[in-house]
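Residue strings, one per chain:
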Amino acid sequence: MAQLLAQEEKEKTTALKDLLSRIDLDELMKKDEPPLNFPETLDGFEYAFNEHGQLRHINTGEPFVFNYKEDLHRWNQKRYEALGEIITKYVYELLENDCNLKKEILPVDATEDEPKSFIYVSEDALTNPEKIMVLIQGSGVVRAGQWARRLIINEDLNSGTQIPFINRAKEEGYGVIVLNPNENSLEVEKVPDPAKKPSPDVSDEPAEKRERKEERESKKKKDFYEKYRNPQKERETEHIPIRENSSPEEHTLYVWDHFISKSLAKNVFIVAHSYGGLSYVNLMIQREAEVKNRVRAVAMTDSVHNVWHQEANKSIQDWLREHCCNWVSSPEPLDTLVDPMLNDCPRVSAGTEKHELTSWKSFQSIFKFFSNALKDQEDDSSSSPVTTRSSHRIKHDDL
């Protein structure tokens, strides 16, 4: 009797293991998932920005809630992404209507049918004879005018967008150029190729047989669980690269060649966050003489550049040590000198340990840094050859 019970238990265990092996957990999580159809406006989401630039629910006044539906992380993430796309368009509207920036299409000679990107520039970006400020964001989903989408949604517009930098720059007489380094391709729905058919498998090799068997087993598992789930199939897409702007590095170089280098400003100032710092160093490598002649100072915020991996030469490294400062995430007070792991450029604390907040927290210090750099440049220009300083090193203890 005991043997029969043991055998029955073993069979149950085997059957359970077989059942579990047939379950696609990713697909199971989609069971009963609501449709992936989301509003296309902030009003549709029932959210709005208040007078403090904070995103709040129009009925409850509560901040954005990510877990709108319990135990449906994938759906909640898709909802968050849909809201993020609306936020991107909202920031574009602010750049155009509140900051009075205009959109410039890239490539500048784009045909009507090819994929395009764009940047934003102030009216005097190319004609300001004295100075312009160039803003380069990090990588990811953020687009022109944004430092961090998460900050815009969960904190406020001031910390998450570049708008405070743009407004302050214009107040201080800078022309402004806002790059858009992550707009690298046009996403289109993938059209199946009816002419493309799988070639018949006529090999009798054991490995080939095993592959076919695995394919059949995989199909069986999916068929087996079909009646227990109702997954939503997302459309297949492909990306068509934008000519000469298919990467952040390409984009930064293109904007330099077609806009920044053509501007009348004698003094160019750069703010580069995260991957934007890497793109700037790449620009220096590609256009070293031009950049050194025009750029007066570079403010990086938690930059991920690496002059050794990027193979920047000694003269570029020396220039960065003289004209660049990197505000990094750190528990130390703002502007405290931080011991660098690599001796590439001075590093000071941004006054926060959050990477995405480094630009906003160092806002005041960056403008002071630029002001000091411009003053040094003017002093050197007015000095006689005998008294001209040999170095433009910014005094970081003056920040």
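Residues numbered from 1 in each chain as written. Predicted model: local features only at pLDDT ≥ 70, side-chain atom pairs only at ≥ 80, totals over all residues. Heavy atoms only, no water.

An unreviewed UniProt entry lists the protein chain under the name Arb2 domain-containing protein, with Phoxinus phoxinus given as the organism.

1. Some words on the overall build of the protein chain
Our working definition: Per the convention used, a helix needs a DSSP run of H or I reaching at least four residues, while a strand needs a run of E reaching at least two, with both numbered from the N terminus. To sort residues, take the accessible area from a 1.4 Å probe on protein chains only and compare it with the maximum for the residue type: under 20% means buried, over 50% means exposed, and anything in between is partly exposed. Residue contacts are counted whenever heavy atoms from the two residues lie within 4.5 Å of one another. Residue burial considers only the protein chains on display, and all accessible areas are found by Shrake-Rupley using a 1.4 Å probe.
Across its full length, the protein chain holds 14 helices and 12 strands. Evaluated residue by residue, the protein chain yields a buried proportion of 44% over its 399 residues. A separation of at least 24 residues holds for 71% of the contacts in the protein chain among residues at least 6 apart in sequence. Approximately 22500 Å² of the protein chain is accessible, and the part contributed by carbon and sulfur atoms is 50%.

2. Some details on the sheet that holds strand 11 (residues 324-328)
Filter applied, for reference: For two strands to be treated as a pair, DSSP must find at least two bridges joining them. Axis angles are defined between N-to-C directions and span 0 to 180 degrees, where every axis is a line fitted to C-alpha atoms and, for a helix, only to the segment in contact.
Taking strand neighbours across the sheet as the criterion, the eight strands line up as 3-4-6-5-9-10-11-12 in an open arrangement whose pairing is mixed. The open sheet terminates on both sides in strands that have one partner only, identified here as strand 3 (102-106) and strand 12 (347-349). Mean inter-strand twist for the sheet, computed between neighbouring axes without regard to direction, equals 20 degrees. Bridging between strand 3 and strand 4 (residues 117-121) involves five bridges; their strand directions are antiparallel.

3. As for the confidence of the model for the protein chain
Selection criterion: The predictor attaches a confidence to each residue, and that confidence, scored 0 to 100, is pLDDT.
The pLDDT averaged across the protein chain works out to 85; a share of 76% of its residues lies at or above 70. A low-confidence stretch, residues 223-230 (pLDDT under 50), is modelled with nine contacts involving residues beyond four sequence positions or located in other chains.

4. Here's the deal with the pairing of strand 9 (residues 267-273)
Taking burial as the measure, the seven residues of strand 9 include seven buried ones, the bulk of the element. Side chains Asn 267, Phe 269, Val 271 and His 273 of strand 9 all project onto a buried face; the interleaved residues Val 268, Ile 270 and Ala 272 project onto the opposite face, where all are buried too. In this structure, strand 5 (residues 131-136) lies alongside strand 9, joined through six bridges in parallel fashion. Residue pairing across strands places Leu 135 opposite Val 271, the latter belonging to strand 9. The sheet contact formed by strand 9 and strand 10 (residues 295-301) spans six bridges and is parallel. Each residue of the ladder has a partner; that of Ala 272, found in strand 10, is Met 300.

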